[in-house]
Amino acid sequence: MAKIAPSILSADFSRLGEQVKRLGDKGIEILHIDVMDGRFVPNISFGMPIIKSIRPLTKQIFDVHLMIEEPSKYIEEFVKAGADIITIHFEAERHIDRAVKLIKSLGVKACIALNPATPISSLEYILEDLDMVLLMTVNPGFGGQKYIPYCSNKIKDLKEMINRTNKNILIEVDGGIDKTNIASAIECGADILVAGSAVFNNDAIEENIKTLNEAM
Ligand code: DX5
Ligand code: ZN
């Protein structure tokens, strides 16, 4: 069954711990954690100290989306900080095969993210080594953007590519997911739906999760 992964990028950072715990109480199993360096994307978010500080509060799966240049330099530190899934961008790493091997050697799940215009054929030779592929459905860098419609075909194409492998590789979609498009993203083949503003736009996060669940 498809799952919602709230992105804490849009959380209220003055009470991040409380909001994370409330998501856990609501049965949310995956927390999406957006790390931005101001180089790969035109925005800076947060790094290891924030992840470390919320790690003891919850057993949720920490899905750490690294929107940073040369992510392999920092993978080990993010695993130490508490990541369960490490996502690196295809566009940000010169030695993607080596980086994926590094992630797996550290005992966490490996995921590659593709920007909207990056073709899925980039993954042809590495797909079977991955636990998950993240398809960006907006240009990364900011919460609250609009879903890019051509990404729906990309999700479908990736689903077909994965089906040909006979492996259980998950598809995560990230950007502009809300109650109007969540069902169609799932229909196209998405397994994990990242939702930032749709969950954290106001403090009624339980209500917002319910709305998304009902629309799925
Ligand atoms: C965007 C981030 C997303 C973002 C999604 O660069 O990777 O995870 O938080 O936010 P919404 O759901 O508001 O598009
Ligand atoms: Zn993200």
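Details of the structure are given in the entry above.
Let us look at the structure shown here. These numbers come from a predicted model, not from an experiment. (Residues numbered from 1 in each chain as written. Chains lettered and ligands numbered in written order. Predicted model: local features only at pLDDT ≥ 70, side-chain atom pairs only at ≥ 80, totals over all residues. Heavy atoms only, no water.)

What to know about the site of ligand 1
To be explicit about the condition: Throughout, near means a residue has at least one heavy atom within 4 Å of the molecule or strand. Two N or O atoms form a polar contact when they lie within 3.5 Å of each other; inside protein one atom must be a possible hydrogen donor and the other a possible acceptor, and for residues adjacent in sequence the pair counts only when both atoms belong to side chains. Accessible surface is estimated by sampling points in the Shrake-Rupley manner with a 1.4 Å probe; for residues, cover comes only from the protein chains shown. By the criteria applied, helices consist of DSSP H or I runs no shorter than four residues and strands consist of E runs no shorter than two, each listed in order from the N terminus. Just so you know the grouping, Ala, Val, Leu, Ile, Met, Phe, Trp, Tyr, Cys and Pro go in nonpolar, Asp, Glu, Lys and Arg go in charged, and all remaining residues, Gly too, go in polar.
Contacts to ligand 1 come from 20 residues, most closely from Asp34, Gly141, Gly144, Asp174 and Ser197. Asp34 is positioned with one of its side-chain polar atoms (N or O) 2.7 Å from an oxygen atom of ligand 1. Between ligand 1 and the protein, one listed contact pairs an oxygen atom with a backbone N or O atom of Gly144 at 2.7 Å. In isolation ligand 1 has 390 Å² of accessible area, and contact with the protein removes 100% of it. Broken down by secondary-structure element, the contributors of at least two residues to the shell around ligand 1 are strand E2 (30-36), strand E3 (61-67) and strand E8 (192-195). Classifying every residue of the shell around ligand 1 gives eight nonpolar, ten polar and two charged.

Thoughts on the side chain of Gln60
Rules: Accessible area is worked out with a 1.4 Å probe on protein chains only. A residue is then buried under 20% of its type maximum, exposed over 50%, and partly exposed in between. By the convention used here, residues are in contact when the closest approach between their heavy atoms is within 4.5 Å.
Relative to the helices and strands, Gln60 resides in the loop between helix H2 (48-54) and E3. Overall, Gln60 belongs to the buried group, its relative accessible area being 5%. Engagement of the side chain of Gln60 in a polar contact is seen with the side chain of Thr58, the distance being 2.9 Å. Setting aside chain neighbours within four positions, we find Gln60 in contact with Val20, Leu23, Gly24, Ile28, Glu29, Leu31, Arg55 and Asp84.

Remarks on the coordination of the zinc ion (ligand 2)
Six octahedral donors around a metal ideally sit at 90 or 180 degrees from one another, while four tetrahedral donors ideally sit at 109.5 degrees. Basically, it comes down to this: The donor set comprises N, O and S atoms within 2.8 Å of the metal, extended to 3.2 Å for Na, K and Ca; water molecules are omitted, so apparent gaps in a site may simply reflect that omission. Irregular is the label for any site that misses the other tests, which are tetrahedral for four donors with all angles between 85 and 135 degrees, and square planar for four donors or octahedral for six when opposite donors exceed 155 degrees and the remaining angles lie between 65 and 115.
Coordination of the zinc ion (ligand 2) by the protein involves His32 (NE2), Asp34 (OD), His65 (ND1) and Asp174 (OD), with metal-donor separations of 2.0 to 2.3 Å. Around the zinc ion (ligand 2) sit six donor atoms, and with donor-metal-donor angles ranging over 69 to 171° the site reads as octahedral. The buried category is assigned to Asp34, whose relative accessible area is 4%. Classification of Asp174 as buried rests on a relative accessible area of 7%.

Regarding the sheet that holds E2
Condition: Two strands make a pair as long as DSSP finds a minimum of two bridges between them. In this analysis, axes come from line fits to C-alpha atoms, helices being fitted only over the stretch in contact, and the angle between any two N-to-C directions falls in the range 0 to 180 degrees.
Pairing in this open sheet of eight strands is parallel, and the strands run E1-E8-E7-E6-E5-E4-E3-E2 from one edge to the other. Taken across any chain shown, the strands that pair with only one partner, and hence form the sheet edges, are strand E1 (3-6) and E2. Each strand of the sheet is rotated relative to its neighbour by a mean of 25°, with strand direction disregarded. Pairing of strand E5 (residues 109-114) with strand E6 (residues 132-136) involves four bridges; the strand directions are parallel. Looking across to E6, one finds that Ile112 is bridged to Val133. Where helix H4 (residues 96-105) meets the sheet, its contacts fall on strand E4 (85-89) and E5, and the angle it forms with E5 comes to roughly 145°.

Notes on the pattern of salt bridges
Stated precisely, the cut-off is as follows: In what follows, salt bridge is the name for a side-chain nitrogen of Lys or Arg lying within 4 Å of a carboxyl oxygen of Asp or Glu.
Overall, the coordinates contain twelve salt bridges when judged by the stated rule. Between Arg15 and Asp12 there is a salt bridge, and its shortest N-O distance comes to 3.0 Å. Since its relative accessible area comes to 30%, Arg15 is described here as partly exposed.

Description of the nonpolar core
How we decide: Residues belong to a common nonpolar core when they are buried Ala, Val, Leu, Ile, Met, Phe, Trp, Tyr or Cys residues joined through side-chain atoms within 4.5 Å.
Counting 63 residues, the largest nonpolar core has Ile8, Val64, Phe78 and Ile86 as its most contacted members. Tallying contributions element by element places helix H5 (residues 151-163) first for this core, with five residues. If you look at the next biggest cluster of nonpolar residues, it comprises eleven residues, including Ala5, Ile30, Met136 and Ile192.

Topic: the pairing of E4
Stated formally: With the strands aimed away from the viewer, a crossover counts as right-handed if its path from the first strand over the helix to the second runs clockwise.
Across the five residues that make up E4, a large majority, five, are buried. Residues of E4 alternate between two faces, with Ile85, Thr87 and His89 on one and Ile86 and Ile88 on the opposite face, all of them buried. With respect to chirality, the unit in which E3 leads through helix H3 (residues 75-81) into the neighbouring parallel E4 is right-handed. The pairing of E4 with E5 spans five bridges and is classified as parallel. Bridge assignment links Ile88 to a residue of E5, and that residue is Ile112.

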